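Chains, contacts and geometry: an overview
Listed below are the residues making up each chain.
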Amino acid sequence: MSIEGLTITRHEEQSKGEYHAHIEGTKAIGRLTWVEREIAGEVVRVAEHTLVPRAIGGRGVAANLVDELVKDARENGFKIVPQCSYVEKKFDQNPAWSDVRA
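First things first, this report covers the structure right here in the doc. No experiment lies behind these values; they were computed from the predicted model shown. (Residues numbered from 1 in each chain as written. Predicted model: local features only at pLDDT ≥ 70, side-chain atom pairs only at ≥ 80, totals over all residues. Heavy atoms only, no water.)

1. What to know about the packing of aromatic side chains
- Inspection of the entire model under this criterion finds 1 aromatic pair.
- Measuring from ring centre to ring centre gives 5.2 Å for Phe91 and Trp97, while their planes differ by 75°; the resulting arrangement is edge-to-face.
- The residue whose ring lies beneath Arg45 is Trp34, and the NZ or CZ to ring-centre distance is 3.9 Å. (Phe/Tyr/Trp six-rings, centres within 6.5 Å; stacked < 30°, edge-to-face > 60°. Lys NZ or Arg CZ within 6 Å of the ring centre and 35° of its normal.)

In structure tokens form, the structure reads like this:
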């Protein structure tokens, strides 16, 4: 789902990172946080939390953050552990994402 004025940026620091969502005209930032872990010899990204402030909530910001994580997983060859309940729900709703689910 496309949101007018939405920009998503990636922020990484060694084995952890965040995706930030900003909607033009607001100061609020939505976030999806992740950490890298090794599971059964494979390095995966554990999606820990999805946080969207009320000021930008209800517009699909969280879904766009998860979409960006999945897109990056496919482009960069990593798997995702959906620890966050929202991310897990989105994976359950999108069986086509099974290729990037750890």
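2. Structural notes on the side chain of Asn64
- Topologically, Asn64 is positioned in helix α1 (residues 61-76).
- Assessed through its relative accessible area of 12%, Asn64 is described here as buried.
- Reaching out from Asn64, the side chain makes a polar contact with the backbone oxygen of Gly60 at a distance of 2.8 Å. (Helix = DSSP H or I, 4+ residues; strand = E, 2+ residues; numbered from the N terminus. Buried < 20%, exposed > 50% of the residue type's maximum accessible area, 1.4 Å probe, protein only. Polar contact = N/O pair within 3.5 Å; in protein donor to acceptor, adjacent residues only side chain to side chain.)

3. Quick word on α1
- With 16 residues, α1 ought to run about 22 Å at 1.5 Å a step, and its terminal C-alpha atoms sit 22 Å apart, in line with that.
- Buried residues of α1: Val61, Ala62, Ala63, Asn64, Leu65, Val66, Glu68, Leu69, Val70, Asp72 and Ala73, and no others.
- The inward-facing, buried residues of α1 abut β1 (6-13), β2 (16-23), β3 (29-39), β4 (42-51), β5 (79-82) and α2 (85-93).
- Taken from the residues just after α1, Gly77 is the one with a positive phi, measuring 70°. (Expected span 1.5 Å × (residues − 1). Contact = heavy atoms within 4.5 Å.)

4. What about the pattern of salt bridges?
- This model, assessed by the stated rule, comprises 9 salt bridges.
- Note that Glu68 is salt-bridged to Arg10, the shortest N-O span being 2.2 Å. Taken together, the positions of Glu68 in helix α1 and Arg10 in strand β1 put the pair 58 residues apart, joining distant regions of the chain.
- Since its relative accessible area comes to 13%, Glu68 is described here as buried.
- For Glu88, the salt bridge is made with Arg101, and the minimal N-O distance between the two is 3.9 Å. Of the two residues, Glu88 sits in helix α2 while Arg101 sits in the segment after α2, which places them 13 residues apart along the sequence. (Salt bridge = Lys/Arg side-chain N within 4 Å of Asp/Glu carboxyl O.)

Geometric descriptors of this kind do not, in isolation, establish any biological role.
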